[in-house]
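Chain by chain, the residues run as shown.
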Amino acid sequence: MASTIYDIAEKAGVSIATVSRVFNRRESVSERTRKKVMAVAEEVGYHPQANAQGLASRKTNNITVVVPVISNYFFMEVLGGIQDKLNSFDYELTIFNISPSKDTFSQVEHVLKRRASEGCLFISIHLEQEEWHQLKRYNIPITLIDEYYEGFDSVSVDNTEGAYKATKYLLNRGLDRVAMLSALVTSKPIQSRIKGFRRAYEETGKAFSPSLIVAGDSTYRDGFTERGGYEAMVKILTLKPEAEACFCASDIQAVGALKAMQDMDKSIPLIGYDDIELAEYMGLSTIRQPMRDMGFFATQNLIDRLENPKKAVSQTVYTPELILRDSTE
């Protein structure tokens, strides 16, 4: 249960009126008392809300979704699943978009300190273990999507397994040089997908070279863009020795990769990742992750947590599926 103004007053050994005066920055409070109250508030993860109703009850009937990039196809599909579930409940949905130019942890803390919602869904928000641990003190129900931390409910996909399936399929076709069209290696999903890519080489006994992992020059959205895919594929098609096929870290990058192949009048088998709706119409072979289901069941987990705060932590990990279409023919 989240702490209230009453809890802070009791812990600080002052009256509720004093706490209220501190939060409202009244001058009739000594500096010593002000610091004491604020220290207790910081300790329990409390941030004064802007309205009196929130201070009194905290019942907002609101769920906040924290997401890095709303315009990404992956996030739109997940959000669709969230909305599908919320349609059956009396909750409003608020979306907080993380700015890539600011510190992610500070922005996440800001969301929790506002206490403007009953609970939060974090989509592809990747923090360090210690940072996730620090968020526990806010006592606000959180469910993670496309991420894992042992202290929170989560719904994710085995990214390592997905990359492994795609790469091994291509290697098992008798191809020796399968490239990986990557995004920025600092991206957590990419780190997992590189593990799966390398594992496929290890299991098939074929010669692996780090030069086969290629990213574009664009850093926007960590390289998960059409431009990033185009730039990376231009590099892949000029590798020496030549790449015989490609596993692409996302479908949206594959869109750019296919355009690069067209412009360079070259073609190699290609497998994407996500299975966005566009992939079917492009004839793109891909690794399907159940994006809409992830949003739907993560929201169910959060609602269950709101109704039963003491329930056991739920960790769901989906196994991705290889979908074959024309791009691997």
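Look a little higher up for the structure.
Counting from 1, residues in each chain are numbered in the order their sequence is written. Per-residue local features are limited, in this predicted model, to residues with pLDDT of at least 70; the limit for side-chain atom pairs, both in listing and counting, is 80 or more; totals at the level of whole chains, interfaces and linings are taken over all residues. Water and hydrogen atoms play no part in the side-chain values, which are based on all heavy atoms of the structure.

Each helix is a run of DSSP H or I of at least 4 residues and each strand a run of E of at least 2, with the numbering of both proceeding from the N terminus. Looking at the element boundaries, Gly229 is found in helix α10 (residues 226–236). Considered as a pair, Gly229 and Val255 are 26 residues apart in the sequence and their alpha carbons are 7.1 Å apart. With residues near it in sequence (within four places) discarded, Gly229 still touches Leu181, Gln253, Gly256 and Ala257. The contact rule is simple, with two residues in contact once any of their heavy atoms fall within 4.5 Å.

The next subject is the packing of aromatic side chains. Put simply, two rings from Phe, Tyr or Trp (the six-membered ring, in Trp's case) pair if the centres are within 6.5 Å, and we call them stacked under 30 degrees between planes, edge-to-face over 60, tilted for the rest. Per the counting criterion, the structure on display carries 10 aromatic pairs. What links up through ring pairs into an aromatic cluster is the set Phe122, Trp132, Tyr149 and Phe152. When the ring centre of Tyr273 is taken as reference, the NZ or CZ atom of Arg193 above it lies at 3.8 Å. Here, over-ring charges are defined by two tests on the NZ atom of lysine or the CZ atom of arginine: distance to the ring centre within 6 Å, and angle to the ring normal within 35 degrees. Cation over ring: Arg227 sits above Tyr230, and NZ or CZ is 5.4 Å from the ring centre.

The element strand β9 (residues 270–274) is largely enclosed, with a buried count of five among its five residues. Pairing geometry for strand β8 (residues 245–248) and β9, over two bridges, is parallel. Directly across from Phe247, in β9, lies its bridge partner Ile271. A crossover links β8 with its parallel partner β9, the connecting element being helix α11 (residues 251–264), and its sense is right-handed. When accessible area is computed with a 1.4 Å probe and restricted to protein chains, residues below 20% of their type maximum are described as buried, those above 50% as exposed, and intermediate ones as partly exposed. At least two DSSP bridges between two strands are required for those strands to pair. With strands facing away from the observer, any crossover in which the path from the first strand over the helix to the second runs clockwise is taken as right-handed.

Ordered by their spatial adjacency, six strands build an open sheet running β7-β6-β8-β9-β10-β12, and the pairing between neighbours is mixed. Lying at the two open borders of the sheet, with one neighbouring strand each, are β7 (213–215) and β12 (321–323). The average angle at which neighbouring strand axes cross in this sheet is 25°, direction not considered. Relative to strand β6 (residues 178–182), helix α9 (residues 188–204) is tilted by about 180°, and along the sheet it contacts β6, β7, β8 and β9. Packed on one face of the sheet, α11 meets β6, β8, β9 and β10 (285–288) and runs near 155° to β9. Inter-axis angles, ranging from 0 to 180 degrees, are taken between N-to-C directions of lines fitted to C-alpha atoms, where helices are fitted over the stretch in contact.

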